[in-house]
Amino acid sequence: SQQGEEDPQALSIQEGENATMNCSYKTSINNLQWYRQNSGRGLVHLILIRSNEREKHSGRLRVTLDTSKKSSSLLITASRAADTASYFCATPKTSYDKVIFGPGTSLSVIP
Amino acid sequence: EPEVTQTPSHQVTQMGQEVILRCVPISNHLYFYWYRQILGQKVEFLVSFYNNEISEKSEIFDDQFSVERPDGSNFTLKIRSTKLEDSAMYFCASRDRAEKLFFGSGTQLSVL
């Protein structure tokens, strides 16, 4: 398996602004997944994008995937204080590969 | 909505003691995982389990650790002789057919 690397490490924005965070990886992937973790809680699955997809939407979330650059971005539009959390990407190489997480992006949304 | 449940939520133990952390994965899921997170650090993979056997494990998952699915519903992590550095939040997860992981709320293990 491989670990994705999220960027930036920390992000602080005002409520209502958009938040963008990125994930880079090194080898080919089967899919790329984004998860959220509120402090001290379990991770929550947000969105999965397959290697043959380029963009996916879910509510206020938009994920893009550029396999030529081996990178993905997660955009949260019209952010809310409740979006304050750490965000992680996972990049399993196959359907059966273990899922491992990078250090994450810590997002703070200021009311 | 189905969820992964973990018990206990907190466990305090003395160094050298055995602990068993329990998890009930979502019923129709086939892949199960244990992760741990030391305070302020990233979520670390420990082990994955499929078809009643370990499919992958990390370097952290040494001989002191074992996993078991003793019946059709429970999935347990045993640490035989706990060390101070085993203090962490331990998360169980199970995976659906769409390859999404569902996490429990975790067990906070404190080794004194």
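Calculation rules
Residues numbered from 1 in each chain as written. Chains lettered and ligands numbered in written order. Predicted model: local features only at pLDDT ≥ 70, side-chain atom pairs only at ≥ 80, totals over all residues. Heavy atoms only, no water. Contact = heavy atoms within 4.5 Å. Buried area = accessible area lost by both parts, 1.4 Å probe. Salt bridge = Lys/Arg side-chain N within 4 Å of Asp/Glu carboxyl O. Polar contact = N/O pair within 3.5 Å; in protein donor to acceptor, adjacent residues only side chain to side chain. Helix = DSSP H or I, 4+ residues; strand = E, 2+ residues; numbered from the N terminus. Nonpolar A, V, L, I, M, F, W, Y, C, P; charged D, E, K, R; others polar. Pairing = 2+ DSSP bridges. Axes fitted to C-alpha atoms, helices over the stretch in contact; angles between N-to-C directions. 1 Å grid on protein atoms, 1.4 Å probe; cavity = no way out; pocket = protein on both sides within 12 Å on 5 of 7 lines; lining within 4 Å. Points joined across faces, edges and corners; volume = space filled by probe spheres on them. Buried < 20%, exposed > 50% of the residue type's maximum accessible area, 1.4 Å probe, protein only. Lys, Arg positive; Asp, Glu negative; His and termini not counted. Disulfide = S-S within 2.5 Å. pLDDT = per-residue confidence, 0-100.

Let's shift gears to the interface of chain A and chain B. At the junction of the two partners, chain A supplies 22 residues and chain B supplies 17 residues. Counting each side, the surface lost to burial between chain A and chain B is near 1,700 Å², with a carbon and sulfur contribution of 49%. Seen at the junction of chain A and chain B, the total is two salt bridges. When the shortest N-O distance is used, the salt bridge between A:Lys98 and B:Glu56 registers 3.7 Å. Our enumeration of links across chain A and chain B arrives at eight residue pairs in polar contact (both at pLDDT 80 or more). Mapped onto the side of chain A that touches chain B, the elements with two or more residues apiece are strand E4 (31–37) and strand E5 (44–50) of chain A. For the side of chain A that touches chain B, the leading source of residues is E4(A), giving four residues. Class assignment for the residues of the side of chain A that touches chain B results in eight nonpolar, 10 polar and four charged.

Residue and element names in this part refer to chain B. Judged by pairing direction, the sheet is antiparallel, and its four strands sit side by side in the order E1-E3-E8-E7 without closing on themselves. Here the strands that pair on one side only, and so sit at the sheet edges, are strand E1 (5–7) and strand E7 (65–68). Sheet twist, expressed as the mean angle between neighbouring strand axes with direction ignored, is 20°. As paired elements, E7 and strand E8 (residues 75–79) share four bridges and run antiparallel to each other.

A word on empty space enclosed by the protein. Inspection of every chain in the model, using the stated rule, returns one cavity of 30 Å³ or more. Each pocket or cavity is described by its volume, and for the largest cavity that value is around 40 Å³.

Here we come to the side chain of B:Arg69. Residues and elements named next belong to chain B. Of note, arginine 69 is situated in the loop between E7 and E8. For arginine 69, which is buried and forms no salt bridge, the nearest opposite charge comes from aspartate 71, at a distance of 6.0 Å. A distance of 3.5 Å separates the side chain of arginine 69 from the backbone oxygen of serine 73, its partner in a polar contact. Excluding residues that lie within four positions of it along the chain, arginine 69 makes contacts with Pro25, Phe32, Phe49, Asn52 and Asn74.

In this section: the state of the cysteines. Residues and elements named next belong to chain B. Across all of its chains, the model carries two disulfides over all chains by this definition. One disulfide in the model links cysteine 23 with cysteine 92; its S-S distance is 1.9 Å. The disulfide joining cysteine 23 to cysteine 92 has a torsion of about -65° about its S-S bond and is therefore left-handed. Residue cysteine 23 is located in strand E3 (residues 19–24), and its partner cysteine 92 is located in strand E9 (residues 88–95); the two are separated by 69 residues in the primary sequence. The two residues cysteine 23 and cysteine 92 agree in class, both being buried.

Moving on, we get to the confidence of the model for chain B. The pLDDT averaged across chain B works out to 94; a share of 100% of its residues lies at or above 70. When pLDDT is averaged over each element of chain B, strand E11 (residues 107–111) of chain B comes out on top at 98 and strand E6 (residues 53–57) of chain B at the bottom at 93.

Below, the discussion takes up the pattern of salt bridges. Scanning the model with the defined rule gives six salt bridges over all chains in all. Note that A:Arg50 is salt-bridged to B:Glu99, the shortest N-O span being 3.1 Å. Here A:Arg50, found in strand E5, pairs with B:Glu99, found in the loop between E9 and strand E10 (101–103), and the two come from separate chains. The exposure class assigned to B:Glu99 is buried, which follows from its relative accessible area of 8%. For B:Glu44, the salt bridge goes to B:Arg36, with nearest N and O atoms at 3.1 Å. A relative accessible area of 21% means that B:Glu44 is categorised as partly exposed. A relative accessible area of 9% means that B:Arg36 is categorised as buried.

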